[in-house]
Amino acid sequence: ELKVEQNPLFLSMQEGKNYTIYCNYSTTSDRLYWYRQDPGKSLESLFVLLSNGAVKQEGRLMASLDTKARLSTLHITAAVHDLSATYFCAVDSGGGADGLTFGKGTHLIIQP
Amino acid sequence: DAGITQSPRHKVTETGTPVTLRCHQTENHRYMYWYRQDPGHGLRLIHYSYGVKDTDKGEVSDGYSVSRSKTEDFLLTLESATSSQTSVYFCAISDRDRGINEQFFGPGTRLTVL
C-alpha cells in the first residue's frame, strides 16, 4: 500500500523567510504532483514532476523530486502573505487507472 | 480552468436517506475520480472510472456506489447516508491517456448528514 507523508503538517512563518515542505512516499514512483488549496476552495495544480531530478519553479515556489530517496520538496523563497494556503503532494502509483495518493497536507500561514 | 462542475454544491440530509452527487465535465476526458476530504486525512479516493460503464473501487468505497453512463457525467451515490459520510466531496478528471495523471478538480460538494 502506497503511503505519502508530508511534514510539517502545520507551518507558521514570517514574510521574507525561506522554508521547505517535505513529501516522502513509500513505494517506487517517478510521478509526483503538488497542489494548492485555499480555505473553502478546490485544489489547484501547481507542479507536475515526472522523473528523477525533476525541478520546477513558479515564482517563489520550487519543487523537486528525488525518486531514489522517494522524496519531493517544495521550497518557498522569501515568503509573502499570498502564499498562505494548504499544500498537498500526491503520488501516482503508476500501476493502473486508479487515482492519486495524497499526503495529509501542509497548512501554511505566512504572517506579515 | 478545466470544465468541471459538481452539483449540488451544498447538501444537508438525514441519516438513512439516499443521496446522489453529480460531476459533469466538458473536457471529454476518459478518467474521472471521486475523492472525499476530511480534516487530518487529506484526500482519499472513493471510486474512479476509466470509461463509460467502466468503474472501480478506491481506498474508501464502502457505502458508496458510482455510475457512468456518459463520458461527461460521473455520479456518486450514498445508498443510505450515515453521519460518517459527512465530508467534502471532490470530483476530478484526468487526461491520463497522455501518460500523465495530472488531475483537475471540481469545486466540491459539502455534504452534511444529520
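Coordinates for the structure precede this section.
Brief notes about the overall build of chain A
Move 1: Scanning chain A from terminus to terminus reveals 0 helices and 11 strands.
Move 2: The N-to-C order of helical and strand elements in chain A reads β-β-β-β-β-β-β-β-β-β-β.
Move 3: The 112 residues of chain A split such that 45% are buried.
Move 4: Here chain A displays about 5,500 Å² of accessible surface, and carbon together with sulfur accounts for 48% of that area.
Move 5: Each charge sign in chain A was given a centre, from 10 positive and 11 negative side chains, and these centres are 3 Å apart.

Quick word on the interface of chain B and chain A
Move 1: The interface is formed by 21 residues belonging to chain B together with 21 residues belonging to chain A.
Move 2: Here chain B packs against chain A, burying approximately 1,700 Å² in sum over the two surfaces, 55% of which is carbon and sulfur.
Move 3: The largest share of the area that chain B buries against chain A comes from Leu43, Arg96 and Phe105 of chain B, three residues that together contribute 27% of it.
Move 4: Scanning the region where chain B abuts chain A turns up 1 salt bridge.
Move 5: Salt-bridge contacts for Arg96 of chain B lead to Asp92 of chain A; the nearest nitrogen and oxygen are separated by 3.2 Å.
Move 6: Taken together, chain B and chain A are joined by 7 residue pairs in polar contact (both at pLDDT 80 or more).
Move 7: Those elements giving two or more residues to the side of chain B that touches chain A turn out to be β4 (31-38), β5 (42-51) and β10 (103-105) of chain B.
Move 8: At 5 residues, β5 of chain B tops the list of elements feeding residues into the side of chain B that touches chain A.

A word on the sheet that holds strand β3 (residues 19-25) of chain B
Residues and elements named next belong to chain B.
Move 1: Read from one edge to the other, the open sheet built from 4 strands follows the order β1-β3-β8-β7, with strand pairing classed as antiparallel. Both edges of this open sheet fall to β1 (4-7) and β7 (64-70), since each of them pairs with a single strand only. Across the sheet, the mean angle from the axis of one strand to that of its neighbour is 20°, orientation sign disregarded.
Move 2: One ladder, built from 4 bridges, connects β1 with β3; its direction is antiparallel. Bridging across to β3, Gln6 finds its partner in Cys23.

Things to note about the environment of Tyr33 of chain A
Move 1: Inspection of the secondary structure assignment puts Tyr33 of chain A in strand β4 (residues 32-37).
Move 2: A residue is classified by how much of its surface remains accessible, and Tyr33 of chain A, at 0% relative accessible area, is buried.
Move 3: In the structure, Tyr33 of chain A is positioned 68 residues away from Thr101 of chain A in sequence and 9.9 Å away in space, judged by C-alpha atoms.
Move 4: Polar side-chain contacts of Tyr33 of chain A include one of 2.9 Å to the backbone nitrogen of Asn101 of chain B.

Observations regarding the layout of surface pockets
Move 1: Taken as a whole, the largest pocket holds about 660 Å³ of empty space.
Move 2: Taken together, 31 residues line the largest pocket, and the ones lying closest to its centre are Gln37, Gly40, Thr86 and Phe88 of chain A together with Gln37 of chain B.
Move 3: Of all the secondary-structure elements, those providing two or more residues to the lining of the largest pocket are β9 (85-91) and β11 (106-111) of chain A together with β4, β9 (87-94) and β11 (109-113) of chain B.
Move 4: In terms of residue count, β11 of chain A provides more of the lining of the largest pocket than any other element does, 4 residues in total.
Move 5: By residue class, the composition of the lining of the largest pocket is 10 nonpolar, 15 polar and 6 charged.

Overview of the state of the cysteines
Move 1: In total, this model carries 2 disulfides over all chains according to the counting rule given.
Move 2: The disulfide partner of Cys23 of chain A is Cys89 of chain A, and the S-S distance across this bridge is 2.0 Å. Where Cys23 of chain A bonds to Cys89 of chain A through sulfur, the torsion about that S-S bond is close to 80°, and the disulfide is right-handed. Here the residue Cys23 of chain A occupies a position in strand β3 (residues 19-25), and Cys89 of chain A occupies one in strand β9, the gap between them amounting to 66 residues. Side by side, Cys23 of chain A and Cys89 of chain A carry an identical accessibility label, which is buried.
Move 3: Linked covalently through their sulfurs, Cys23 of chain B and Cys91 of chain B form a disulfide whose S-S length is 1.9 Å. Around the S-S axis, the bridge from Cys23 of chain B to Cys91 of chain B shows a dihedral of about -70° and counts as left-handed. With Cys23 of chain B in strand β3 and Cys91 of chain B in strand β9, the pair connects residues that are 68 residues apart, well separated along the chain. Comparing Cys23 of chain B with Cys91 of chain B shows no difference in burial state: the two are buried.

Rules used in this analysis
- Residues numbered from 1 in each chain as written.
- Chains lettered and ligands numbered in written order.
- Predicted model: local features only at pLDDT ≥ 70, side-chain atom pairs only at ≥ 80, totals over all residues.
- Heavy atoms only, no water.
- Helix = DSSP H or I, 4+ residues; strand = E, 2+ residues; numbered from the N terminus.
- Buried < 20%, exposed > 50% of the residue type's maximum accessible area, 1.4 Å probe, protein only.
- Areas by Shrake-Rupley, 256 points an atom, 1.4 Å probe, with all protein chains shown as cover.
- Lys, Arg positive; Asp, Glu negative; His and termini not counted.
- Charge placed at Lys NZ, Arg CZ, Asp CG, Glu CD.
- Contact = heavy atoms within 4.5 Å.
- Buried area = accessible area lost by both parts, 1.4 Å probe.
- Salt bridge = Lys/Arg side-chain N within 4 Å of Asp/Glu carboxyl O.
- Polar contact = N/O pair within 3.5 Å; in protein donor to acceptor, adjacent residues only side chain to side chain.
- Pairing = 2+ DSSP bridges.
- Axes fitted to C-alpha atoms, helices over the stretch in contact; angles between N-to-C directions.
- 1 Å grid on protein atoms, 1.4 Å probe; cavity = no way out; pocket = protein on both sides within 12 Å on 5 of 7 lines; lining within 4 Å.
- Points joined across faces, edges and corners; volume = space filled by probe spheres on them.
- Nonpolar A, V, L, I, M, F, W, Y, C, P; charged D, E, K, R; others polar.
- Disulfide = S-S within 2.5 Å.

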